[in-house]
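Spelled out from the first residue to the last, the chains are:
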Amino acid sequence: DQAYLQWKPTPSVQLAGGKLANPFWMVASSDPVWDQDFNPEGFSQSASALVGGKLRLFVNALQMAVDEDSASTQDQWMLGQQVGLETRLPFQTRIKMAAAYYDWINETDGSFSQAVVLEGNRRGGGGALLNNFGVGEFTAELSAWIGHLPLSIQGTFLKNLAAKDSLTPKED
């Protein structure tokens, strides 16, 4: 499922290109954006740093081809950036959180090879999406141990920040 080249100039920095593992941190139980087995095709960059011995900061980025169409020069791409932190708290607990923005390029210029024109999102007559996508995401996880039992509370907030207010023109 993967074939890529990876370069690690330092242990905390890596660059990769090809069909690679998803570079974004995501919650373990059920992520609303990414499947656990998703392997994008494109380029990724990741870096992390330990600050003060307790706080780990991390940055992940991905430039991914979403839909390539040989009949068009308007291929669809997703450019994603994620910045986050992880720290340990008292009583063997830890908190990890990240904010991300996934910017879609040319998403309204093609049908994403959609066979059924009106399945899922709102689409026009040619099958192209009627709305832009620029998805903001905030994800957090609080994990702890209760005796020998691990406990994890996870949450994600998503919003399409590039969506049009209305898909129909307003009348004066």
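Located above this text is the structure these notes cover.
Just so we're clear, the structure is a prediction, and the values are computed from it rather than from any experiment.

A. The overall build of the chain, seen in detail. Across its full length, the chain holds 0 helices and 8 strands. In the chain, the succession of helices and strands from N to C terminus is β-β-β-β-β-β-β-β. For the chain, the residues scored as buried account for 30% of the 172 residues in total. Across the chain, the fraction of contacts at a sequence separation of at least 24, relative to all contacts at a separation of at least 6, is 48%. Accessible area of the chain: about 11,000 Å², with a carbon and sulfur share of 57%.

B. Molecular detail of the sheet that holds strand β2 (residues 13–19). Read across the open sheet, the 8 strands follow the order β1-β2-β3-β4-β5-β6-β7-β8; overall the sheet is antiparallel. The open sheet is flanked by β1 (3–10) and β8 (149–160), the only strands paired with a single partner. If you compare each strand with its neighbour and ignore which way they point, the axes differ by 15° on average.

C. Quick peek at a nonpolar patch on the surface. Together, Leu-89, Leu-142, Ile-146, Leu-149, Leu-151 and Ile-153 make up an exposed nonpolar region whose accessible area comes to about 550 Å². Looking at the nonpolar patch, the elements that each hand over two or more residues are β7 (134–146) and β8. Here the nonpolar patch takes 3 residues from β8, the largest share from any one element. Along the chain, Ile-153 falls in strand β8. Taking the relative accessible area as the measure of exposure, Ile-153 reaches 52% and is therefore exposed.

D. Broad picture of the environment of Gly-17. Note on placement: Gly-17 falls in strand β2. Of the residues examined, Gly-17 reaches a relative accessible area of 18% and is grouped as buried. Considered as a pair, Gly-17 and Ala-3 are 14 residues apart in the sequence and their alpha carbons are 8.7 Å apart. Beyond its immediate sequence surroundings of up to four residues, Gly-17 is in contact with Tyr-4, Leu-5, Gly-42 and Phe-43.

E. Geometry of the pattern of salt bridges. A complete count under the given rule lists 3 salt bridges for this structure. Glu-86 serves as the salt-bridge partner of Arg-56, at 3.1 Å between the closest nitrogen and oxygen. Here Arg-56 is found in strand β4 (residues 55–67), whereas its partner Glu-86 is found in strand β5 (residues 76–89), with 30 residues between them in sequence. Arg-56 gets classed as partly exposed once you look at its relative accessible area, which sits at 26%. Put simply, Glu-141 and Arg-94 hold a salt bridge, and the shortest N to O gap is 3.7 Å. In this pair, Glu-141 sits in strand β7 while Arg-94 sits in strand β6 (residues 93–105), placing the two residues 47 residues apart along the sequence. A relative accessible area of 11% places Glu-141 in the buried class. Taking the relative accessible area as the measure of exposure, Arg-94 reaches 21% and is therefore partly exposed. Taken together, the shared-partner salt bridges connect Arg-56, Glu-86, Arg-94 and Glu-141 into one network.

F. Quick peek at the environment of Lys-8. The residue Lys-8 is located in strand β1 in this model. Taking the C-alpha atoms as reference, Lys-8 lies 9.8 Å from Ala-47; in sequence the two are 39 residues apart. The residues contacting Lys-8, other than those within four sequence positions of it, are Val-13 and Gln-14.

The rules behind the values
- Residues numbered from 1 in each chain as written.
- Predicted model: local features only at pLDDT ≥ 70, side-chain atom pairs only at ≥ 80, totals over all residues.
- Heavy atoms only, no water.
- Helix = DSSP H or I, 4+ residues; strand = E, 2+ residues; numbered from the N terminus.
- Buried < 20%, exposed > 50% of the residue type's maximum accessible area, 1.4 Å probe, protein only.
- Contact = heavy atoms within 4.5 Å.
- Areas by Shrake-Rupley, 256 points an atom, 1.4 Å probe, with all protein chains shown as cover.
- Pairing = 2+ DSSP bridges.
- Axes fitted to C-alpha atoms, helices over the stretch in contact; angles between N-to-C directions.
- Patch = residues over 30% accessible without salt bridge, like charges linked within 9 Å, V, L, I, M, F, W, Y side chains within 5 Å.
- Salt bridge = Lys/Arg side-chain N within 4 Å of Asp/Glu carboxyl O.

Purely spatial values, then, with no claim about function.
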